[in-house]
Amino acid sequence: MLDAVKKRVFAPHLETAHVRAAMHHLLQAIPEARNLLDVGCGDGHATRRYAGTWNLPPEKIVGIELQEKYTKTIDSFRVYSFDIEKESFPFADQSFDVVVCNQVIEHLKVVIFPLREMARVARKDGFLAVGIPNLSALISRFYLLLGRAPISLAFPGPHVRGFAHRSFVRFLGSNPNFVLTATTGAVFYPVPPPLSEPLARRFPGGACYTFYLLRKIHHSPEQDWPADAYGDESITG
């Protein structure tokens, strides 16, 4: 009975839609783009939606996806399948106007290496958009007070990394090649819809998911979160 009430009031089945909508909203701040790379494109549905922001044709859309259950269903744009934790991206420097990575890096043990590759292939004056589950979401703070795991790092579960909004903003700002131009959030538990999404956008630090838009102002790959600044090999590769 309680579970049924929770589902009706909080509508958790709509989380994916809210997460994709938040990223799409963030990308609308980019006035124009000639091509797009979506890292972790899944079944391609969200990728096509993002590309529609600038009316990009299929030949200007590229995805990266490792899971065969998704790659075998995509035939509307090019998809590359490889291990982003170990392998360099098969693209030249400054290949893309927009690079998107939404709800991916929390699944990775190695984080810095793929982020450096995303930064490398983004064009100067282009954009990098990243979305993550927020470890410091309001609901997760309540859970920790009760001795429970935060929802972004529940066990058992698929996430192996946790990122708190304020700390992640500081981390992003440590890269001198990018400036953070916009942030937003999605899903503000325990507040039910329709108040949840406006609150998440206004107070992303308390939202369950947070999103960051960075503009590339310099192309100097050696300064993109340099590996020697992160001694843990499980982070840098």
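Our subject is the structure that appears above.
Residues numbered from 1 in each chain as written. Predicted model: local features only at pLDDT ≥ 70, side-chain atom pairs only at ≥ 80, totals over all residues. Heavy atoms only, no water.

Engineer: Could you give an account of the overall build of the protein chain, naming the residues involved and the relevant values?
Structural biologist: From N to C terminus, the protein chain includes nine helices and seven strands. Its C-alpha atoms give the protein chain a radius of gyration of 18 Å, near enough to 18 Å, the size a compact globule of 237 residues would have. The buried share of the protein chain, taken over its 237 residues, is 46%. Sequence separation of 24 or more characterises 76% of the internal contacts of the protein chain that already satisfy a separation of 6 or more. Of the roughly 12000 Å² that the protein chain leaves accessible, carbon and sulfur atoms contribute 56%. (Helix = DSSP H or I, 4+ residues; strand = E, 2+ residues; numbered from the N terminus. Rg over C-alpha atoms; globule rule 2.2 N^0.38 Å. Buried < 20%, exposed > 50% of the residue type's maximum accessible area, 1.4 Å probe, protein only. Contact = heavy atoms within 4.5 Å. Areas by Shrake-Rupley, 256 points an atom, 1.4 Å probe, with all protein chains shown as cover.)

Engineer: Can you explain helix α5 (residues 112-121)? Please cite residues and give values.
Structural biologist: Counting buried positions along α5 gives nine out of 10 residues, so the element sits mostly inside the fold. When we look at burial in α5, the residues that qualify are Ile112, Phe113, Pro114, Leu115, Glu117, Met118, Ala119, Arg120 and Val121.

Engineer: How would you sum up the pairing of strand β4 (residues 96-102)? Please name residues and give values.
Structural biologist: Counting buried positions along β4 gives seven out of seven residues, so the element sits mostly inside the fold. Examined bridge by bridge, strand β1 (residues 36-39) and β4 share three bridges and lie parallel to one another. Each residue of the ladder has a partner; that of aspartate 38, found in β4, is valine 100. Inspection of the sheet shows β4 paired to strand β5 (residues 122-133) by six bridges, in the parallel sense. Residue pairing for β5: asparagine 102 is matched across the bridge by glycine 131. Where the polypeptide runs from β4 across α5 and back to β5, its parallel neighbour, the crossover connection is right-handed. (Pairing = 2+ DSSP bridges. Right-handed = clockwise from strand over helix to strand, strands pointing away.)

Engineer: I'd like to hear about the nonpolar core, residue by residue, with values.
Structural biologist: One finds Leu37, Val39, Phe89, Val99, Ile105 and Phe168 to be the most contacted residues of the largest nonpolar core, which totals 32 residues. If you list the elements that add at least two residues to this core, you get β1, β2 (61-64), β4, α5, β5, α7 (165-173) and β7 (209-216). Counting residues per element, this core draws most heavily on α5, at five residues. When residues no more than four places from it in sequence are discounted, the contact partners of valine 99 are Leu37, Val39, Met118, Val121, Ala122, Phe127, Leu128 and Ala129. The next biggest cluster of nonpolar side chains, apart from the first, holds 30 residues, and it includes Ala22, Met23, Ala46 and Trp54. (Core = buried A, V, L, I, M, F, W, Y, C linked by side-chain atoms within 4.5 Å.)

Engineer: Tell me about the sheet that holds β4, and name the residues and values.
Structural biologist: Taken in spatial order, the seven strands of this open sheet run β3-β2-β1-β4-β5-β7-β6, and their pairing is mixed. Each of the sheet's edge strands pairs with one partner strand only, and the pair in question is β3 (78-80) and β6 (178-186). Across the sheet, the mean angle from the axis of one strand to that of its neighbour is 15°, orientation sign disregarded. Packing against the sheet, α7 makes contact with β5, β6 and β7, and its axis sits at approximately 15° to β7. (Axes fitted to C-alpha atoms, helices over the stretch in contact; angles between N-to-C directions.)

Engineer: Describe the environment of phenylalanine 188, and please don't skip the residues or the numbers.
Structural biologist: Here phenylalanine 188 is to be found in the loop between β6 and α8 (196-202). Residue phenylalanine 188 is classed as buried on the basis of its relative accessible area of 9%. Between the C-alpha atom of phenylalanine 188 and that of leucine 138, which follows or precedes it by 50 residues, the distance is 7.5 Å.

Engineer: So what's going on with the side chain of glutamate 197? Residues and values would help.
Structural biologist: With respect to the secondary-structure elements, glutamate 197 resides in helix α8. The buried charged residue glutamate 197 lacks any salt bridge, with arginine 201 as its nearest oppositely charged partner at 5.3 Å. (Lys, Arg positive; Asp, Glu negative; His and termini not counted. Salt bridge = Lys/Arg side-chain N within 4 Å of Asp/Glu carboxyl O.)

Engineer: Tell me what's going on with the packing of aromatic side chains, and back it up with residues and numbers.
Structural biologist: Under the criterion given, the structure shown has nine aromatic pairs. On the numbers, 5.4 Å between centres and 65° between planes, the contact of phenylalanine 163 with phenylalanine 168 is edge-to-face. Taken individually, phenylalanine 163 and phenylalanine 168 each receive the classification buried, so the pair is uniform in this respect. Pairwise contacts between aromatic rings join Phe163, Phe168, Phe171, Phe178, Tyr212, Trp225 and Tyr230 into one cluster. When the ring centre of tyrosine 143 is taken as origin, the NZ or CZ atom of arginine 148, which lies over that ring, is 4.3 Å away. (Phe/Tyr/Trp six-rings, centres within 6.5 Å; stacked < 30°, edge-to-face > 60°. Lys NZ or Arg CZ within 6 Å of the ring centre and 35° of its normal.)

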